[in-house]
Amino acid sequence: MASKRVPVAELRRLLSAVSDHGKQHLVEVEADLMQTTFLLGEAIEKLGASFMAIHEAVMTQQQEIDTILSSAGLPAGTNQKITEYREKIGEEVNAAITGLQFQDMTSQLIERTIKRVNGLRESLTALATHGEGMDAEHEHEEIARLLVEMSANLNTRSDAMKFGLKKSVSQRDMDSGEIELF
Amino acid sequence: MAKTILAVDDSGSLRQMVAFSLKAAGYEVVSAVDGQDGLNKAKEKTVDLVLTDQNMPIMDGLTLIKNLRELGSYKTVPILMLTTESSDEMKAKGKAAGANGWLVKPFDPKRLIEVVQKVIG
């Protein structure tokens, strides 16, 4: 006797296909995010090292300038100009320090996104395994039960994911953050 | 004698920038990579100020503060949080744990030094 193709079996097959397809994409997303984190980390390490080397060179140069200033008779106004350059360099160093911190916040956001991707992949796995051992003679009831179970499972996983995540980084500009003393 | 600041952050670039800014202002800096490392280093040498991140692996900033406040030598040492967290709820938790101030990342070196000077001179 030919086997009866019931809607519940068809639904399970479709869910399984959606699950496999989705998980395949999420694996790629996770790999790209990990690579982005790696590249950002490498970039900031090199930028940080260059920043330190430039700062050290500028400090050494300023010491040399101080020596020249104290021993040579320079034209009027030179001291003033050098002081202004120093102040400008100081402001730019501070701005660079603030800017270099954005990699840290970006990494936190990527880490959060990777956790969400993993959570979604687990949910998709659950989607594919739901409904095993269904009774084809009661397909309508079984489909209803399957959908309720799936919904509950996704809600539970979604809640668990939310509690496990750090708060999102909401910084939207390059200014420094607020300060409060208790 | 230069005052010593314990800077705790799991981000290498942040530790580098905090140490650079504080050293440029004449402070000595001890760095730690997470709350547990910070607690260990705080026990080795009592510092004048603790500046800590909140979200870190192994031990977070709030737990570090609670542990430090239980140590006799850290009952009155100023502790500042330097974190991306900016909600009133988290600030209240920080205050309850024993933090003396809250700085939201990213920090401006000039403003950071002003706050540190205000707190420990």
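Higher on the page you've got the structure.
Residues numbered from 1 in each chain as written. Chains lettered and ligands numbered in written order. Predicted model: local features only at pLDDT ≥ 70, side-chain atom pairs only at ≥ 80, totals over all residues.

### Examining the overall build of chain B
- Secondary structure summary: chain B contains five helices and five strands in total.
- Start at the N end of chain B and walk to the C end: the helices and strands fall as β-α-β-α-β-α-β-α-β-α.
- Relative to the 2.2 N^0.38 estimate, which gives 14 Å for 121 residues, the radius of gyration of chain B is 13 Å and therefore close to what a compact globule would have.
- Projected onto its principal axes, the C-alpha positions of chain B cover 30 × 30 × 25 Å.
- In chain B, which comprises 121 residues, the share counted as buried stands at 46%. (Helix = DSSP H or I, 4+ residues; strand = E, 2+ residues; numbered from the N terminus. Rg over C-alpha atoms; globule rule 2.2 N^0.38 Å. Buried ≥ 20, exposed ≤ 12 C-beta atoms within 10 Å, placed from the backbone.)

### As for unusual backbone geometry
Residue and element names in this part refer to chain B.
- Residue Pro-106 is reached from Lys-105 by a cis peptide bond, and omega for that bond is 0 degrees.
- Positive phi is not limited to glycine here, since Ile-58 has a value of about 70 degrees.
- Considering the arrangement of structural elements, one finds Ile-58 in the loop between strand E3 (49-52) and helix H3 (61-70).

### Quick notes on helix H3 (residues 102-129) of chain A
- With 28 residues, H3 of chain A should cover 40 Å at 1.5 Å per step; its first-to-last C-alpha distance of 41 Å lies within 8% of that length.
- Those residues of H3 of chain A not exposed but buried are Gln-103, Asp-104, Ser-123 and Leu-124 of chain A. (Expected span 1.5 Å × (residues − 1).)

### Topic: the interface of chain B and chain A
- The partner chain A presents 22 residues to the 28 residues of chain B that form the contact.
- Secondary-structure elements contributing two or more residues to the side of chain B that touches chain A are helix H1 (12-24), helix H4 (88-97), strand E5 (101-104) and helix H5 (109-120) of chain B.
- Its residues assigned to classes, the side of chain B that touches chain A shows eleven nonpolar, ten polar and seven charged.
- Relative to E5 of chain B, strand E1 (residues 179-181) of chain A is paired through three bridges, and the arrangement is antiparallel. Note on E5 of chain B: the bridge partner recorded for Glu-180 of chain A is Trp-102 of chain B. (Contact = placed C-beta atoms within 7 Å. Nonpolar A, V, L, I, M, F, W, Y, C, P; charged D, E, K, R; others polar. Pairing = 2+ DSSP bridges.)

### Let's talk about the sheet that holds E3 of chain B
- Across the sheet, which stays open at both edges, the six strands sit in the order E1(A)-E5(B)-E4(B)-E3(B)-E1(B)-E2(B) with mixed pairing between neighbours. One side of each edge strand has no neighbouring strand; the edge strands of this open sheet are E1 of chain A together with strand E2 (28-32) of chain B. Going from strand to strand, the sheet's axes swing by 15 degrees on average, the running direction of each strand aside.
- Where H1 of chain B meets the sheet, it contacts strand E1 (4-8), E2 and E3 of chain B, and its direction lies at approximately 170 degrees from that of E2 of chain B.
- Strand contacts of H3 of chain B: E1, E3 and strand E4 (79-83) of chain B, with the helix running at about 175 degrees to E4 of chain B, the strand carrying the most contacts. (Axes fitted to C-alpha atoms, helices over the stretch in contact; angles between N-to-C directions.)

### Considerations on the packing of helix H1 (residues 7-71) of chain A against H3 of chain A
Residue and element names in this part refer to chain A.
- Two numbers describe how H1 lies on H3: the axes approach to 9 Å, and their chain directions differ by 165 degrees. One finds that H1 runs roughly antiparallel with respect to H3. As H1 runs across H3, the sense of the crossing is left-handed. (Parallel < 35°, antiparallel > 145°, perpendicular 65-115°, else oblique. Left-handed = near helix turned anticlockwise from the far one by under 90°.)

### Digging into the packing of H3 of chain B against H4 of chain B
Residues and elements named next belong to chain B.
- Packing of H3 against H4 brings their axes to within 9 Å, and their N-to-C directions diverge by 15 degrees. On the basis of their axis angle, the class for H3 and H4 is roughly parallel. Between H3 and H4 the crossing geometry is left-handed. Between H3 and H4, the contacting residues are Leu-62, Ile-65 and Lys-66 on the first element and Lys-93, Gly-94 and Ala-97 on the second.
- Residues that form the contact of H3 with H4 fall into these classes: three nonpolar, one polar and two charged.

### Some details on the nonpolar core
Residues and elements named next belong to chain B.
- Membership of the largest hydrophobic core comes to 33 residues, with the highest contact counts inside it found for Ile-5, Leu-6, Val-50, Leu-51, Leu-68, Leu-80 and Leu-103.
- Secondary-structure elements contributing two or more residues to this core are E1, H1, helix H2 (35-44), E3, H3, E4, E5 and H5.
- Non-local contacts of Leu-51, meaning those with residues more than four positions away in its chain, are made with Ile-5, Ala-7, Val-18, Leu-80 and Leu-82. (Core = buried A, V, L, I, M, F, W, Y, C linked by C-beta atoms within 7 Å.)

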